Amino acid sequence: MGLALREALKGAGTASPNPIVGAIIVKNGKIIGKGCHKKFGGPHAEVNAISSCVEDPCGSDMYVTLEPCSHFGKTPPCTDLIIKEKIRRVYIGTTDPSPHSNGRGTEVLRRAGVEVECGVLEKECIGINEPFFHSLRTGMPLIILKAASSLDGSLATDNGDSKWISSEKSRKMVHRLRNFYDAVLVGRNTVEKDDPLLTVRHCRGRNPVRIVTDEHLSLSPDKKIFGNDSGTIIITSKTVTETSETKYKNKGISIIKVDENNGELDLEQAFRTLHSYGIRSILAEGGAAMFSYLINNRLADKIVLFLAPKLIGSSVKFFSGSGIELVSDSVSIEDVKYKRSGVDLLVEGNLRYSD
Ligand code: AOF
Ligand code: ZN
C-alpha cells in the first residue's frame, strides 16, 4: 500500500476535482502492474494498473488507496474490470465517501466473490486526499494559509520590503505546494506591491489557477498574475460597474462577484462558487490582511508557516485584529508538524477555532 500511495501522488495537480488514487497488482510475490489516476476524466488507477500488467492478473492481489468505483461516471466501473480480470483479493486504503460510492464498490466486489480488506494504511490514504475529503464533507475548498515570516511574525518591514524572508529551500517548497493545490489566492495589495507570477517554476508541475481579490477592479490587466496559461479569477464586489470590467475582456480572466460585509468582500461566498467550478483547494499566499481575514472569519483550515531565523519587528504581522482576550480563546494548531527547511522552521497543522 505504501507503493500505491507513492503511485497515487503522480496524479497530484492533474486529477482534481477527482481524488488522487494509486494501485499496485501483486502475483506470486511479484509486482506485475501499477497505475494511478493521472488526469480528471481519464482512466482510473485500477484500469491503468490492470492494463500495465506484464502477466495475466487472474488470481492476483490488488492494493488500491481508495475504494474502487462501481458507478458509470466519465469512465465505467472499476469493480466490473476487477471482477472480469478475476483478481482474487483487493486491499483498500479507505472507503470513498462520495454519494455514488460509500461502500458500494466493496459490496459489489464481495458479492462477486472477491476477498476485500478495507482500511489498510487508512490514515495515510485519507491524508493524500485532504482536499477531496474536506470538500465532500463541507461543500467548500480546503483553504491553506502559506506564510513566510520572521520569528516575531513579521511578513515585511514597515516600508514593505519582504524579499526574501525565507530561505531558498523554503521558496522551492512553495512551488511544490502550488503544483499540489488547485489554486493560489492573494489580495490586491500583494499584486500591486510585488507583481507576482504565482506559477510553478522551481520544480516540475502545472500552474495553479490564480485568484486575486480586488474590490473595485482597480488592478491593471498588465499585472503578471493575468498573463499565463492557467487562467486567473478576480473576486470583486457586486457593486462594480460593467465598464470597469471591460479592460479584462478576452484575456482569460473570470470575475466572481460577491456581497460585501462591513466593507469586506464575502470570501465564503466566493469559495462556494469556486467549489462549484471544481476547485477543491486554495493556497492563500498573502498578504497580511488576507491571512487575518481568513483566520478571523474561520475560513482557513490549515497553515504552512515558514519561520525564518530573523527579527524584523515591524507592524506587518501575519495575523492581527482577532480581538481575542483570553489565551484560552486563541486559535490552536492541531496535528502540528515541525520540519527544518534550510535554516527555516516549517510549522504545519490544522487550525482549530475555539467555540
Ligand atoms: C476509482 N479509482 O482512480 C478514482 C476514483 O467520472 P469518473 O468516472 O472519473 O469517476 C469519478 C469518481 O470516481 C470520483 O468522484 C471518485 O468518487 C471516484 N474516483 N475511483 O475507482 C480512481 N479516481
Ligand atoms: Zn473507478
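Here the structure is a predicted model, which means the values were calculated and not measured.

Colleague: Where do I start with the packing of helix α10 (residues 267-276) against helix α11 (residues 288-296) in this structure?
Modeller: Each pair of packed helices gets described by two things: the angle between the helix axes and the distance between those axes. In contact at an axis separation of 11 Å, α10 and α11 are set at 85° when each is read in the N-to-C sense. Here α11 runs roughly perpendicular to α10, going by the angle between their axes. Judged by residue contacts, Leu-267, Glu-268 and Phe-271 of α10 engage Met-290, Tyr-293 and Leu-294 from α11. Across the contact of α10 with α11, the residue classes break down as five nonpolar, no polar and one charged.

Colleague: Got a minute to help me understand the packing of aromatic side chains in this structure?
Modeller: Each aromatic ring pair is characterised by the separation of its centres together with the angle its planes make. According to the stated counting rule, one finds five aromatic pairs in the structure shown. An angle of 10° between the planes, with centres 4.7 Å apart, marks the rings of Tyr-63 and Tyr-91 as stacked. Taken together, the residues span a long stretch of sequence, with Tyr-63 in strand β3 (residues 61-66) and Tyr-91 in strand β4 (residues 89-94) at a distance of 28 residues. In this structure Tyr-63 comes out as partly exposed when scored by relative accessible area, which is 22%. Take Tyr-91: its relative accessible area is 15%, and that puts it in the buried class. Between Phe-132 and Phe-133 the ring centres are 5.4 Å apart and the planes differ by 70°, which places this aromatic pair in the edge-to-face class. Neither Phe-132 nor Phe-133 differs from the other in exposure class; each is buried.

Colleague: Quick question: what am I supposed to make of the coordination of the zinc ion (ligand 2) here?
Modeller: Tetrahedral metal sites with four donors have an ideal angle of 109.5 degrees; octahedral sites with six donors have ideal angles of 90 or 180 degrees. Distances from the zinc ion (ligand 2) to its protein donors, His-44 (ND1), Cys-69 (SG) and Cys-78 (SG), fall at 2.0 to 2.2 Å. The coordination sphere of the zinc ion (ligand 2) comprises four donor atoms, whose angles at the metal cover 102 to 119°; the geometry is tetrahedral. For the zinc ion (ligand 2), the donor residues sit on a single chain with the sequence spacing H-x24-C-x8-C. On the criterion of sequence distance, the pair formed by His-44 in the loop between β2 (30-36) and α2 (45-51) and Cys-78 in helix α3 (residues 78-84) is long-range, its members being 34 residues apart. Under the relative-accessibility criterion, His-44 is labelled buried at 17%.

Colleague: Which parts of the structure should I look at to understand the state of the cysteines?
Modeller: When the sulfur atoms of two cysteines share a covalent bond, that bond is a disulfide. Tallied over the entire structure, the rule returns zero disulfides. Looking at the unpaired Cys-125, the closest cysteine sulfur is the one in Cys-118, lying at 9.5 Å.

Colleague: Would you mind going over α10 with me for this structure?
Modeller: Residues lying three or four places apart along an α-helix face the same way, a consequence of the helix completing one turn every 3.6 residues. When α10 is considered as a whole, its buried residues turn out to be Leu-267, Ala-270, Phe-271, Leu-274 and His-275. End-on, the buried residues of α10 take up no more than an arc of 140°, which puts them together on one face. Where α10 begins, the side chain of Asp-266 points an oxygen toward the backbone nitrogen of Glu-268, at a separation of 3.1 Å. Within two residues after α10, Gly-278 carries a phi angle of roughly 95°, on the positive side.

Definitions and limits used
Residues numbered from 1 in each chain as written. Chains lettered and ligands numbered in written order. Predicted model: local features only at pLDDT ≥ 70, side-chain atom pairs only at ≥ 80, totals over all residues. Heavy atoms only, no water. Axes fitted to C-alpha atoms, helices over the stretch in contact; angles between N-to-C directions. Helix = DSSP H or I, 4+ residues; strand = E, 2+ residues; numbered from the N terminus. Parallel < 35°, antiparallel > 145°, perpendicular 65-115°, else oblique. Contact = heavy atoms within 4.5 Å. Nonpolar A, V, L, I, M, F, W, Y, C, P; charged D, E, K, R; others polar. Phe/Tyr/Trp six-rings, centres within 6.5 Å; stacked < 30°, edge-to-face > 60°. Buried < 20%, exposed > 50% of the residue type's maximum accessible area, 1.4 Å probe, protein only. Donors = N, O, S within 2.8 Å, 3.2 Å for Na, K, Ca; no water. Tetrahedral: all angles 85-135°; square planar, octahedral: opposite > 155°, others 65-115°. Disulfide = S-S within 2.5 Å. Arc of directions from axis to C-beta. Polar contact = N/O pair within 3.5 Å; in protein donor to acceptor, adjacent residues only side chain to side chain.

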